[in-house]
Amino acid sequence: MNAGHTLAQDKVAAAAIIVALGAMATILGAWFFQYALGYLPCELCLQQRIPYYVTIPLAVIVAYGALNGWPRQWLALGLVLIAVVMLAGAGLGVYHSGVEWKWWAGPTACGGTLGDLGSAGDLLSRVQTTRVIRCDEAAWRFLGISLAGYNVLIALVLAGIAAMGARKSYGSSSVSQ
């Protein structure tokens, strides 16, 4: 760690660390619902995880850079990129929530994965017992909000934290150039 880092760099690092931890907690929560509670994700659920998979390593890199005196332009760019990725994730969540509430149609291919159907002899029985995971049915709701809806809220909060961190990085002349 660079002993000469500034308060602004500390704030940028803190923002990046908070975003990384929040994104990790969100993915761990999704995996908990999937693997521990048995709520299988639909195709849109899986797509909504992608922004988190991008954000986690990027936020860790930005935090490392902030703590090691990287140029403020790079730190700001990294945080702006995180904010944009998380806003895209929020957009996916809004789309998925709208599909769940039947406000608009979802993708026609949103039926989950079939996996191995076995031999031709038991194909019919396997197809009949295969559970299709639909994008237009919320598997779980709390306070009337589905997991897709909570994804919107979480993604917006993380985007906001990243944007504030970018502002601290770019807006402060005391950050090393």
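Here's the deal with the environment of Ala-76
1) Next: In this structure, Ala-76 sits in helix 3 (residues 72–100).
2) Next: Classification of Ala-76 as buried rests on a relative accessible area of 7%.
3) Next: Once the C-alpha coordinates of Ala-76 and Arg-167 are considered, the two residues, 91 residues apart in sequence, prove to be 7.2 Å apart.

A word on the confidence of the model for the protein
1) Next: Of the residues in the protein, 72% have a pLDDT of 70 or more, and the chain-wide mean is 80.
2) Next: Mean pLDDT values over the elements of the protein span from 58, in helix 4 (residues 123–129), up to 93, in helix 2 (residues 43–67).

Regarding the nonpolar core
1) Next: The biggest cluster of nonpolar side chains holds 27 residues, and the ones touching the most others in it are Tyr-52, Val-62, Leu-79, Ile-82 and Met-86.
2) Next: The set of elements that each furnish at least two residues to this core consists of helix 1 (7–36), helix 2, helix 3 and helix 5 (147–171).
3) Next: Here this core takes eight residues from helix 1, the largest share from any one element.

Considering the environment of Gly-91
1) Next: Inspection of the secondary structure assignment puts Gly-91 in helix 3.
2) Next: Take Gly-91: its relative accessible area is 37%, and that puts it in the partly exposed class.

A short note on a nonpolar patch on the surface
1) Next: A cluster of nonpolar side chains, namely Leu-28, Trp-31, Tyr-35, Ile-50, Tyr-53 and Val-54, defines an oily patch on the protein surface of about 640 Å² accessible area.
2) Next: Listed by contribution, the elements that provide at least two residues to the nonpolar patch are helix 1 and helix 2.
3) Next: With respect to the helices, strands and loops of the structure, Tyr-35 is situated in helix 1.
4) Next: A relative accessible area of 64% means that Tyr-35 is categorised as exposed.

Concerning the packing of aromatic side chains
1) Next: According to the stated counting rule, one finds three aromatic pairs in the structure shown.
2) Next: Judged by centre distance (5.8 Å) and plane angle (50 degrees), the ring pair of Phe-33 and Tyr-39 falls under tilted.
3) Next: Residue classification places Phe-33 among the buried positions, given a relative accessible area of 17%.
4) Next: Note on Tyr-64 and Trp-70: the rings are 5.8 Å apart at their centroids and 80 degrees apart in plane angle, and the pair reads as edge-to-face.
5) Next: Residue Trp-70 is classed as partly exposed on the basis of its relative accessible area of 33%.
6) Next: Site record: aromatic cluster; members linked through ring pairs are Phe-32, Phe-33 and Tyr-39.

Comments concerning the side chain of Gln-34
1) Next: Mapping Gln-34 onto the fold places it in helix 1.
2) Next: Among the residues examined, Gln-34 registers a relative accessible area of 13% and is labelled buried.
3) Next: Residues in contact with Gln-34, not counting those within four places in the same chain, are Tyr-39, Pro-41 and Arg-49.

Things to note about the state of the cysteines
1) Next: A full pass over the atoms with the stated rule returns zero disulfides.
2) Next: Cys-45 takes part in no disulfide bond, and the closest cysteine sulfur to it belongs to Cys-42, at a distance of 3.5 Å.

Examining helix 2
1) Next: Between its terminal C-alpha atoms helix 2 stretches 38 Å, which fits the 36 Å expected from 25 residues at 1.5 Å a residue.
2) Next: Just downstream of helix 2, Gly-69 is the residue with a positive phi angle, here 75 degrees.

Quick look at helix 3
1) Next: Its 29 residues give helix 3 an end-to-end C-alpha distance of 41 Å, which sits within 8% of 42 Å, the value for a rise of 1.5 Å per residue.
2) Next: Once helix 3 finishes, Lys-102 follows within two positions and takes phi at roughly 65 degrees, a positive value.

Details of the packing of helix 2 against helix 3
For any two helices packed against each other, the geometry comes down to the angle between their axes and how far apart the axes lie.
1) Next: As a packed pair, helix 2 and helix 3 sit with axes 9 Å apart at the nearest point and diverge in direction by 165 degrees. Between helix 2 and helix 3, the crossing angle belongs to the class labelled roughly antiparallel. Relative to helix 3, the crossing made by helix 2 is left-handed.
2) Next: Its residues assigned to classes, the contact of helix 2 with helix 3 shows 18 nonpolar, eight polar and no charged.

Quick notes on the rules
Residues numbered from 1 in each chain as written. Predicted model: local features only at pLDDT ≥ 70, side-chain atom pairs only at ≥ 80, totals over all residues. Heavy atoms only, no water. Helix = DSSP H or I, 4+ residues; strand = E, 2+ residues; numbered from the N terminus. Buried < 20%, exposed > 50% of the residue type's maximum accessible area, 1.4 Å probe, protein only. pLDDT = per-residue confidence, 0-100. Core = buried A, V, L, I, M, F, W, Y, C linked by side-chain atoms within 4.5 Å. Patch = residues over 30% accessible without salt bridge, like charges linked within 9 Å, V, L, I, M, F, W, Y side chains within 5 Å. Areas by Shrake-Rupley, 256 points an atom, 1.4 Å probe, with all protein chains shown as cover. Salt bridge = Lys/Arg side-chain N within 4 Å of Asp/Glu carboxyl O. Phe/Tyr/Trp six-rings, centres within 6.5 Å; stacked < 30°, edge-to-face > 60°. Contact = heavy atoms within 4.5 Å. Disulfide = S-S within 2.5 Å. Expected span 1.5 Å × (residues − 1). Axes fitted to C-alpha atoms, helices over the stretch in contact; angles between N-to-C directions. Parallel < 35°, antiparallel > 145°, perpendicular 65-115°, else oblique. Left-handed = near helix turned anticlockwise from the far one by under 90°. Nonpolar A, V, L, I, M, F, W, Y, C, P; charged D, E, K, R; others polar.

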